[in-house]
Amino acid sequence: MHSSLRDMLITPAEMAAIDLAAAQSGIDSFLLMRSAGLAVAAATLRLFPQGQRYVVLCGPGNNGGDGYVAASALAESGANVAVFSFGNPAALSGDAARARQLWDGTIDPLASLVPHRGDVIVDALFGAGLARDLPEQMVDTIERINAQGLPIVAVDLPSGVDGRTGQIRGAAFAASHTITFMARKPGHLLLPGRSLCGTLEVFDIGIPARIVQAGGGGLRLNTPALWSDQASRLDASTHKFRRGHLVVFSGGAQATGAARLSAAAGLAAGAGLVTVASPKSALDINAAQLTAVMLRAIDDRQELEHWLQDTRLGAFVLGPGFGVGDRACEFALELCDRALVLDADGITSFQEHRSELFERLAVATGRVVMTPHEGEFARLFPEIAHDEKLSKMEKAQAAARISHATIVYKGADTVIAGADGTVAVNANAPPSLATAGSGDVLAGIIGAHLAQGMPAFEAAAAGVWRHGAAGTRAGPGLTAETLVASIPPLG
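First things first, this report covers the structure right here in the doc. (Residues numbered from 1 in each chain as written. Predicted model: local features only at pLDDT ≥ 70, side-chain atom pairs only at ≥ 80, totals over all residues. Heavy atoms only, no water.)

## Notes on the overall build of the protein
Going by this rule: Segments assigned H or I by DSSP are reported as helices when at least four residues long, segments assigned E as strands when at least two residues long, and all are numbered from the N terminus. The atom set for the radius of gyration is the C-alpha atoms, and the globule formula is 2.2 Å times the number of residues raised to the power 0.38. Each residue is placed in one exposure class: buried if its accessible area under a 1.4 Å probe, protein chains only, is under 20% of its type's maximum, exposed if it is over 50%, and partly exposed if it falls in between. The contact definition used throughout considers only heavy atoms, calling two residues in contact when any of these lie within 4.5 Å. In these tables, accessible area is a Shrake-Rupley quantity obtained with a 1.4 Å probe, and a residue counts as shielded only by the protein chains included in the view.
Counting its regular elements, the protein contains 19 helices and 17 strands. Its C-alpha atoms give the protein a radius of gyration of 26 Å, near enough to 23 Å, the size a compact globule of 491 residues would have. Reported as C-alpha extents along the three principal axes, the dimensions of the protein are approximately 80 × 45 × 45 Å. In the protein, buried positions account for 56% of the 491 residues. Of all intrachain contacts in the protein linking residues separated by at least 6 positions in sequence, the fraction that spans at least 24 positions is 71%. Summed over all atoms, the accessible surface of the protein reaches about 19,700 Å², with 50% contributed by carbon and sulfur.

As structure tokens, this is what we get:
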């Protein structure tokens, strides 16, 4: 893969336009198909050289064309190859018809396939462009093959996975390996599609990077390349106030642990100073647990307004363990002109007051990041959440647009979206991150980045990535405390 395309995500519609643009530039589109098919054959033999029979399943479009090229190459290498077609091969047109002519063996109907032990399946039925439910016959075939536990190499994307949304359209192959071309598609990274791809390989079939870049819509994989310009390493001599002062709001005496986790994460993530703003009723319990983190009594909006006159207070985290209610709404609205991470109870408090929050953010001058999980997202953005036509990336973009904030739509496939339409999906989080307190740690990391002056989108994207990297470093069985101790350097 060309280095400039490493972090790009291309939707199926964009990829179709890129293919057309490549052909219009004078590139032979059949040579691109041939390059794709040969890459599939090479990957299949490299990964599964022990196959007794290579079963190539060819669909009715260009994905099937890739399959016919792969079948021919496998046969030329001396492999035992069987080809099964969905639809009438004689009805193929264009490059796919030309590719089909390369195969001089028999072509049997897909319905007649009886998988054998020792088979290696090459899935070239439907690529990333699938946007409709599969016919019942296809669903039955896929489920029957999946049940055999055979190695499956998917061409472009496992058939049955929607390349735009990652959703399953009736059924989908559970691939051992997926080989796609030029750039990843959203369906490779969004769940449940990501869990069905196996190992993912991106192969450069020869479309110039400039054509791919011109055709892309700005979707990105979340990597340090997105935010490294904003994340220069801090000199050890940097004054603590220049590294930012982060404030984390605590809940009452029975709900202080979440705020302390966020505060500890903020300190570990690089904030120069961290203060827990606590109700007077919880001062004693917080004081008994805090060392490097400072403590301040804040009970009501009036006390908060007075404290905010100190302009050295760089960023705020409101929500973890804070409690749902009017007090959370009052505090959040007061903080919209500053740098704010609104999480957990802070989000839920606006379930019945969404318009008030969005209207305030529309005129606010601050940097605001909201970090909802799926349930909190549905409370704050019910219409968007329940629109089944939208992918998770599109939902996050829509939420960011109407809320005028950066959205971190959490999950195993966390999506970060800026109010300007910038969007990225994260892919470095291990399953072990799904543990109590993990979200509180994430809020603290993002808060530390805001406190250090990073823009909202970059602060959120860097926070999500460091959170995932910390999970990997902490290893299986991690706790929120070991997660904090494992936060990697920002630079």
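## Focus: the nonpolar core
The condition is simple: Here, nonpolar core refers to any group of buried Ala, Val, Leu, Ile, Met, Phe, Trp, Tyr and Cys residues whose side-chain atoms link them within 4.5 Å.
Counting 50 residues, the largest nonpolar core has F249, L357, M370 and F381 as the members making the most contacts within it. Considering every element that reaches this core, the biggest residue donor is helix α11 (residues 326-335), with six residues. Residues contacting M370, with those up to four places away along its chain left out, are L342, L357, L361, L380, F381, S403, A405, T406, I407 and V408.

## What to know about the packing of aromatic side chains
The condition is simple: Any two rings among Phe, Tyr and Trp, with Trp reduced to its six-membered ring, count as a pair given centres within 6.5 Å; such a pair is stacked if its planes are under 30 degrees apart, edge-to-face if over 60, and tilted if neither.
All told, the structure shown has nine aromatic pairs when counted by the stated rule. Their ring planes at 65 degrees and their centres at 6.0 Å tell us that F86 and F126 sit as a pair that is edge-to-face. With a gap of 40 residues between them, F86 in the loop between β2 (81-85) and α4 (94-102) and F126 in the loop between β4 (119-124) and α5 (136-148) connect regions that are remote in the sequence. Note on accessibility: F86 and F126 belong to one class, buried. Measuring from ring centre to ring centre gives 5.0 Å for F377 and F381, while their planes differ by 45 degrees; the resulting arrangement is tilted.

## Structural notes on the sheet that holds strand β1 (residues 53-58)
Going by this rule: DSSP-based pairing: two strands are paired if at least 2 bridges between them are found. Axis lines are fitted to C-alpha atoms, over the contacting stretch for helices. Their N-to-C directions set the angle, which ranges from 0 to 180 degrees.
Strand order in the open sheet formed by seven strands is β3-β2-β1-β4-β5-β6-β7, and the pairing between neighbours is parallel. The open sheet has two edge strands with one neighbour each: β3 (107-109) and β7 (199-203). Ignoring which end each strand starts from, the neighbouring axes of this sheet average 25 degrees apart. Examined bridge by bridge, strand β5 (residues 152-155) and strand β6 (residues 177-181) share three bridges and lie parallel to one another. Within the sheet, the bridge partner assigned to V153 lies in β6 and is H177.

## Let's talk about the packing of helix α17 (residues 438-451) against helix α18 (residues 456-474)
Packed helix pairs are characterised by how far apart their axes lie and by the angle those axes make with each other. Our working rule: Roughly parallel refers to an angle under 35 degrees, roughly antiparallel to one over 145, roughly perpendicular to one between 65 and 115, and oblique to any angle outside these ranges. Helix crossings are classified by the rotation of the near helix relative to the far one: an anticlockwise turn of less than a right angle makes the crossing left-handed, while a clockwise turn makes it right-handed. Ten residue types, Ala, Val, Leu, Ile, Met, Phe, Trp, Tyr, Cys and Pro, are classed as nonpolar, four, Asp, Glu, Lys and Arg, as charged, and the remainder, Gly among them, as polar.
Where α17 meets α18, the axes come as close as 8 Å, and the angle between the chain directions of the two elements is 135 degrees. Of the possible angle classes, the one that applies to α17 and α18 is oblique. In this structure, α17 meets α18 at a crossing whose hand is right-handed. Residues S438, V441, L442, I445, I446, H449 and L450 of α17 pack against A456, A459, A460, A462, G463, V464, R466 and H467 of α18. Here the contact of α17 with α18 is composed, by residue class, of 10 nonpolar, four polar and one charged.

## A look at the sheet that holds strand β10 (residues 273-278)
Taken in spatial order, the 10 strands of this open sheet run β8-β17-β16-β15-β14-β13-β12-β9-β10-β11, and their pairing is mixed. Strands with a single pairing partner mark the edges of an open sheet, and in this sheet they are β8 (219-221) and β11 (294-297). Geometrically, the sheet is characterised by an average inter-axis angle of 20 degrees between neighbouring strands, direction not taken into account. Note that strand β9 (residues 245-249) and strand β12 (residues 315-318) share three bridges and pair parallel. Bridging from a neighbouring strand, L246 pairs with A315 of β12. Here α17 sits on the sheet and contacts β9, β12, β13 (339-342), β14 (367-370) and β15 (406-409); the angle it forms with β13, its principal contact strand, is near 170 degrees.

## Description of helix α16 (residues 392-403)
Basically, it comes down to this: Expected helix span is given by 1.5 Å per residue-to-residue step, counting one fewer step than there are residues.
Counted at 1.5 Å a residue, the expected span for α16 with its 12 residues is 16 Å, and the 16 Å between its end C-alpha atoms agrees. Among all positions of α16, only K392, M393, K395, A396, A398, A399, A400 and S403 are buried.

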